[in-house]
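Descriptive structure summary
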Amino acid sequence: MTLTAARLSRIKSSPTIAVSARANEMKAAGKDVISLGAGEPDFDTPDHIKEAAIAAIRRGDTKYTPVGGTAALKKAVIEKFKRENDLTYAPNQVIVGCGAKQVIFNALLATVNKGDEVIIPSPYWVSYPDMVALAGGTSVAVACPESKGFKLHPADLDKAITPNTKWLILNSPSNPTGAAYAEKELRAIADVLLKHPHVHIIADDIYEHLAYDGFEFRTLAQVEPKLYARTLTVNGVSKAFSMTGWRIGYGGGDKALIAAITDIQSQSTSNPCSISQAAAEAALNGPLNFLPGWVEAFRKRRDATAAALNAIPGISCFIPQGAFYLFPNCAKLFGRKTPHGKTITDSASLCEYLLEEALVAAVAGSAFGMEGYFRISYATSDAVLAQATKRIKEACGKLT
């Protein structure tokens, strides 16, 4: 009898975490690896947020809290949704979890049965299909090629919906491409969803505040109020506030769904960290005056890095509207040979070559459901990005 459960055969370890782990191992061995794999802002958590956490410790706020979050943090979440997204929720319609990832996972675990289908636009965040698989459902990947701006088009969505469809997961701005849905694009998707009342929506808005070139963020339930009861709107403090390690995410939705998510959380992690909740409360209630500077820095990095990648023969780079990723097309490099005689056959072998030859860690597009691309994060310094793209150019120049 084997120890591990059969369900583990349905999933794999997170490719982005695996790339970062490999890069760290190589660094520990003395190699000068530049890691562009993880989606983590390099800016420090703002001081007023850190001070709120310190104050919570000193007050003795180190005990259990309600499973779904403190009343104070739920109030801050409710006010945030109303202020920024024009969405109104009661306390029993809000859940706070150990990251937006946990909120999404618990929602799927609470609702998905064997045979249920979850539509996931591809390329997608690596964790979506595995979370669906662990819940016992079936992922239905809908290709959203670069020719369509890496975005889900209404006709493709309509075609993918079946009587078994339970959820659509919509991430905007998206990981890995940075593509973001304008209001009119969400309107067109909403029109399709209104024809299929059995389909629910997870709106993953974690990159909401990281948008460029005047892009105006909207979320689906805001654009179409008739979808409000069918939508779980998910967000968190990890990206916009550079609080990845604090592990706080939240969601707003139907009270029955929130109750189900809370029940699952009560039997897994219980409440999120009390200190992190105090910090998140300060983040949501506090000033955002640091954000314009961060966004401008990211935009400059995006432009400079994309320009450097576009100057490499065999690579072309889509310019994203948000997040802090680039998803360059590398298909023209396939079939070429490395100096050691190995053939670049796909994005995984290219990323392996870049890691070994250029000491640059990136993530293969296949991990995100789209071959022919690779993902890099530009959430690091200008100097590091310049050095990384120089190394990539030199390594690609050695391919024959």
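Residues numbered from 1 in each chain as written. Predicted model: local features only at pLDDT ≥ 70, side-chain atom pairs only at ≥ 80, totals over all residues. Heavy atoms only, no water.

Secondary structure assignment for the protein yields 13 helices and 12 strands. In terms of overall dimensions, the protein is globule-like: its C-alpha atoms have a radius of gyration of 21 Å, near the 21 Å expected for 400 residues. Taking all 400 residues of the protein together, 54% fall into the buried category. Long-range contacts, defined here as pairs at least 24 residues apart, represent 75% of the contacts in the protein between residues at least 6 apart. On the protein, roughly 16700 Å² of surface is accessible, and the fraction owed to carbon and sulfur atoms is 55%. (Helix = DSSP H or I, 4+ residues; strand = E, 2+ residues; numbered from the N terminus. Rg over C-alpha atoms; globule rule 2.2 N^0.38 Å. Buried < 20%, exposed > 50% of the residue type's maximum accessible area, 1.4 Å probe, protein only. Contact = heavy atoms within 4.5 Å. Areas by Shrake-Rupley, 256 points an atom, 1.4 Å probe, with all protein chains shown as cover.)

Now for the packing of aromatic side chains. Scanning the model with the defined rule gives 18 aromatic pairs in all. Measuring from ring centre to ring centre gives 5.5 Å for F150 and Y373, while their planes differ by 75°; the resulting arrangement is edge-to-face. With F150 in the loop between strand 4 (138-143) and helix 6 (154-160) and Y373 in the loop between strand 11 (363-364) and strand 12 (374-377), this residue pair connects regions lying 223 residues apart in the sequence. Under the relative-accessibility criterion, F150 is labelled buried at 5%. Centroid distance F298 to Y378: 6.4 Å. Interplanar angle 70°. Geometry classified as edge-to-face. Linking F298 in helix 11 (residues 291-310) with Y378 in the loop between strand 12 and helix 13 (382-397), this pair joins segments that are 80 residues apart in sequence. (Phe/Tyr/Trp six-rings, centres within 6.5 Å; stacked < 30°, edge-to-face > 60°.)

We now examine the sheet that holds strand 2 (residues 94-97). Strand order in the open sheet formed by 7 strands is 2-8-7-6-5-3-4, and the pairing between neighbours is mixed. The outermost strands of the open sheet, each flanked by one partner alone, are strand 2 and strand 4. Strand-to-strand twist of the sheet, defined as the mean angle between neighbouring strand axes without regard to direction, takes the value 20°. Relative to strand 5 (residues 165-171), strand 3 (residues 117-122) runs parallel, the two sharing 3 bridges. The residue of strand 5 that forms the bridge with E117 is T165. On top of the sheet, helix 5 (residues 127-134) reaches strand 3, strand 4, strand 5 and strand 6 (200-204); it is set at about 170° to strand 3, its chief contact. Where helix 9 (residues 255-266) meets the sheet, it contacts strand 2, strand 5, strand 7 (231-236) and strand 8 (249-252), and its direction lies at approximately 25° from that of strand 2. (Pairing = 2+ DSSP bridges. Axes fitted to C-alpha atoms, helices over the stretch in contact; angles between N-to-C directions.)

Turning to the pattern of salt bridges, a few remarks are in order. Per the counting criterion, the structure on display carries 26 salt bridges. For R22, the salt bridge is made with E352, and the minimal N-O distance between the two is 3.4 Å. Of this pair, R22 sits in helix 1 (residues 15-28) while E352 sits in helix 12 (residues 347-358), and the two are 330 residues apart along the sequence. Look at E352 and you get partly exposed, because its relative accessible area is 37%. A salt bridge links R299 to E296, with the shortest nitrogen-to-oxygen separation between them at 2.7 Å. With R299 and E296 both in helix 11, this residue pair falls 3 residues apart, about one helical turn. What makes E296 partly exposed here is its relative accessible area of 33%. Salt bridges linked by common partners bring D213, E296, R299, R302 and D303 together as one network. (Salt bridge = Lys/Arg side-chain N within 4 Å of Asp/Glu carboxyl O.)

With that out of the way, let us pick up helix 4 (residues 100-111). It helps to recall that an α-helix has 3.6 residues per turn; residues three or four apart then point in one direction. Taking 1.5 Å of rise per residue, 12 residues should cover 16 Å, and helix 4 covers 17 Å from first to last C-alpha, within 8% of that figure. Among all positions in helix 4, only A100, Q102, V103, I104, N106, A107, L108 and T111 are buried. (Expected span 1.5 Å × (residues − 1).)

Next up on the list: helix 5. Among the 8 residues that make up helix 5, 7 are buried, leaving the element largely enclosed by the rest of the structure. Within helix 5 the residues assigned to the buried category are S127, Y128, P129, D130, M131, V132 and A133. Residues of helix 5 that are buried sit in contact with helix 4, strand 3, strand 4, strand 5 and strand 6. Where helix 5 terminates, the next one or two residues include G136, which has phi positive at roughly 95°.

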